[in-house]
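Take a look at the letters that make up each chain.
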Amino acid sequence: MRAVLDHIGIAVEDIDKALAFYKDALGLEVEAPEEVPSERVRARSVPVGGPVLELLEATAPDSAIATYISKRGPGIHHVTLRVEDLRAALAQLKDRGVRLVNSEPRPGAGGSLVAFIHPSAAQGVLVELKQRAGSDVRLDVKRLTFGDLQLTVLHDGPFRLDGGAMFGVVPRPLWEKLTPPDERNRVQLAMRPLLVEATWGRMIVDCGAGDKMAAKQVDIYGLDRTCALDQALADAGLTSESIDFALATHLHFDHFGGATMLVDGVLRPRFSRARYLIRDAEWEDATHPHERNRASYLQEDFVPLEAAGVVDFFSGDSVIKPGVRVERTGGHTGQHQIVYIESGGRTGVFVVDLIPTTAHLQDAWIMGYDLFPMDTLAFKKRFIREAIEREYLIFFEHDPKVAAGYIREKNGKRFVEQVL
Ligand SMILES: [Zn+2]
């Protein structure tokens, strides 16, 4: 079991008096008071570099904190360890005959799940196990009429990538405020393919990671396949067979891994009726990977498509179908491209890994994954200015919460006005 220190609960008689030491004497910052009616306590958190000291004052005489203080006086009441899977942790402890206060998870603060281990099992310490609030990713299917086109933001479930790699040279104290990492330093992301419906048919732009990954990769990337693209398509009233065209922005696994699937040990195209539209130079790069990009270009994601004769290659910046056009940005990969959706005088842009999330609005917030970061910078500087001026509707493929919005700038500060 992997566990990290979440907080230490300190029972105090009077929270304001306690602040004379923790706030005034030590000079620590203290967060606003929080009432937890179910535990009959008032709490104030004191962050101390990751873990937190939690000052707890009883609000009723039958509160566990009141009982503790009447027996032993103020002091350390419990130690809380954060685990990824509380049910699995409890099962492991039960197997070993460890005495538990709660044999099942119960709801804790902020949507978390918690369970206490009996102090007799832990050298006299009351140990609380905690699992963070389930999902900080929004997975729903959103539709939008865009001129003559119908746009639907789909998803292929949540995943996680290393926070440092997601923010490149930006130091963690800056990015963790926008995107708090988990105990393995990973940040929560989503995969959101975009469906374009027009008189010429249905096109899916990117298609997520799919279901071929080995258990080790599923664990590393925090893939949760319980709610993925098939479900999202079903929510939109569609199936894999509904797709006429699958356009690849680039061939990284988190964008086009879902293009193939394993059926009885054989790799097949995922969308049985579709033509797969791939930029020829990206195909060339993806099928000749080097040490730096080999982990992202998985041959089983795209080689079977060509073998099945379902790929249509295109060259250079092109109008793919009326209303759908691609432009190479380079940077992330040599041939990385973004997709312009244009109809009825409006422009939407699926910006892919140029601006993967709304936390990447500043020009220099560029992913460590990018092969040519200076190319990303040059394109991004020009593009964001244009996007603000011309009010492009931006589709963020990896943002866990914001599927689409307008980039605005006020007093030199950029933000996104969320639309979807
Ligand atoms: Zn990506």
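A brief report on the enclosed structure follows. None of the values given here were measured: they were computed from a predicted structure. (Residues numbered from 1 in each chain as written. Predicted model: local features only at pLDDT ≥ 70, side-chain atom pairs only at ≥ 80, totals over all residues. Heavy atoms only, no water.)

1. Some thoughts on the pattern of salt bridges
In step 1: Under the counting rule described, the total for this entry stands at 32 salt bridges.
In step 2: Residue Asp-6 pairs with Lys-130 through a salt bridge whose shortest N-O separation is 3.1 Å. Placement of the pair is Asp-6 in strand β1 (residues 3-12) and Lys-130 in strand β8 (residues 127-131), with a sequence separation of 124 residues. The two residues Asp-6 and Lys-130 agree in class, both being buried. (Salt bridge = Lys/Arg side-chain N within 4 Å of Asp/Glu carboxyl O. Helix = DSSP H or I, 4+ residues; strand = E, 2+ residues; numbered from the N terminus. Buried < 20%, exposed > 50% of the residue type's maximum accessible area, 1.4 Å probe, protein only.)

2. Concerning the sheet that holds strand β24 (residues 393-395)
In step 1: Spatial strand order, β20-β21-β22-β23-β24-β25-β26: seven strands in an open sheet with mixed pairing. Of all the strands in the sheet, the pair left with one neighbour each is β20 (319-321) and β26 (413-418). Strand-to-strand, the axes of this sheet are offset by a mean angle of 35 degrees, without reference to chain direction.
In step 2: Here strand β21 (residues 324-328) pairs with strand β22 (residues 337-343) via five bridges, running antiparallel. Note on β22: the bridge partner recorded for Glu-327 is Ile-338. (Pairing = 2+ DSSP bridges. Axes fitted to C-alpha atoms, helices over the stretch in contact; angles between N-to-C directions.)

3. Some details on the layout of surface pockets
In step 1: Of the volumes computed, that of the second largest pocket is approximately 270 Å³.
In step 2: What lines the second largest pocket is a set of 16 residues, among which His-252, Phe-253, Ser-296, His-332 and Tyr-369 lie closest to the centre.
In step 3: Looking at the lining of the second largest pocket residue by residue, the class counts come to seven nonpolar, six polar and three charged. (1 Å grid on protein atoms, 1.4 Å probe; cavity = no way out; pocket = protein on both sides within 12 Å on 5 of 7 lines; lining within 4 Å. Points joined across faces, edges and corners; volume = space filled by probe spheres on them. Nonpolar A, V, L, I, M, F, W, Y, C, P; charged D, E, K, R; others polar.)

4. Examining the coordination of the zinc ion
In step 1: Looking at the metal site, the zinc ion is ligated by Asp-254 (OD), His-255 (NE2), Asp-353 (OD), Asp-353 (OD) and His-398 (NE2), spaced 2.0 to 2.6 Å from it.
In step 2: Sequence positions of the residues that donate to the zinc ion give the spacing D-H-x97-D-x44-H. Remark: His-398 occurs in the loop between β24 and β25 (404-410) and His-255 occurs in helix α8 (residues 253-256); sequence separation between them is 143 residues.
In step 3: Taking relative accessible area as the criterion, His-398 reaches 2% and is therefore assigned buried. (Donors = N, O, S within 2.8 Å, 3.2 Å for Na, K, Ca; no water.)

5. A look at the sheet that holds strand β15 (residues 245-247)
In step 1: The seven strands lie next to each other as β9-β10-β13-β14-β15-β18-β19, forming an open sheet whose pairing is mixed. Each edge of the open sheet carries a strand with a single partner, namely β9 (142-146) and β19 (311-314). Sheet twist, expressed as the mean angle between neighbouring strand axes with direction ignored, is 20 degrees.
In step 2: As judged from the five bridges shared by strand β13 (residues 194-198) and strand β14 (residues 201-205), these two strands associate in the antiparallel manner. Bridge assignment links Leu-195 to a residue of β14, and that residue is Ile-204.

6. Focus: the environment of Leu-229
In step 1: For Leu-229, the position within the fold is in helix α7 (residues 229-235).
In step 2: As for Leu-229 and His-155, which are separated by 74 residues in sequence, their C-alpha atoms are 5.6 Å apart.
In step 3: Those residues in contact with Leu-229 that lie beyond four places of it in its chain are Leu-154, His-155, Asp-156, Pro-193, Ile-204, Cys-207, Arg-270 and Phe-271. (Contact = heavy atoms within 4.5 Å.)

7. Brief notes about unusual backbone geometry
Excluding glycine, a negative phi dihedral is what most residues carry, and trans is how most peptide bonds are arranged.
In step 1: The phi dihedral of Gln-123 is positive, around 55 degrees, even though this residue is not glycine.
In step 2: Relative to the helices and strands, Gln-123 is located in the loop between β7 (113-117) and β8.
In step 3: With a phi angle near 65 degrees, Asp-206 is a residue other than glycine that sits in the positive phi range.
In step 4: On the secondary structure map, Asp-206 appears in the loop between β14 and α6 (215-220).
In step 5: Under the relative-accessibility criterion, Asp-206 is labelled buried at 0%.

8. What to know about the packing of aromatic side chains
In step 1: All chains considered together, the criterion is met by 12 aromatic pairs.
In step 2: Between Phe-271 and Tyr-276, the ring centres sit 6.3 Å apart and the planes meet at 35 degrees, which makes this aromatic pair tilted. Like Phe-271, the residue Tyr-276 is buried in the burial classification.
In step 3: Judged by centre distance (5.2 Å) and plane angle (75 degrees), the rings of Trp-283 and Phe-313 are edge-to-face. (Phe/Tyr/Trp six-rings, centres within 6.5 Å; stacked < 30°, edge-to-face > 60°.)

9. Points about helix α1 (residues 15-25)
In step 1: Taken as a whole, α1 has its buried residues at Ile-15, Ala-18, Leu-19 and Tyr-22. All buried residues of α1 project into a common sector of 110 degrees when viewed along the axis, lining one side. The exposed residues of α1 that point more than 90 degrees off its buried face are Asp-16, Lys-17, Asp-24 and Ala-25.
In step 2: Taken together, the buried residues of α1 touch β1, β3 (41-47) and β4 (52-58).
In step 3: Capping the start of α1 is the job of one residue whose side-chain oxygen sits 2.9 Å from the backbone nitrogen of Asp-16: Asp-14. (Arc of directions from axis to C-beta. Polar contact = N/O pair within 3.5 Å; in protein donor to acceptor, adjacent residues only side chain to side chain.)

All quantities given are derived from atomic positions and should not be read as evidence of function.
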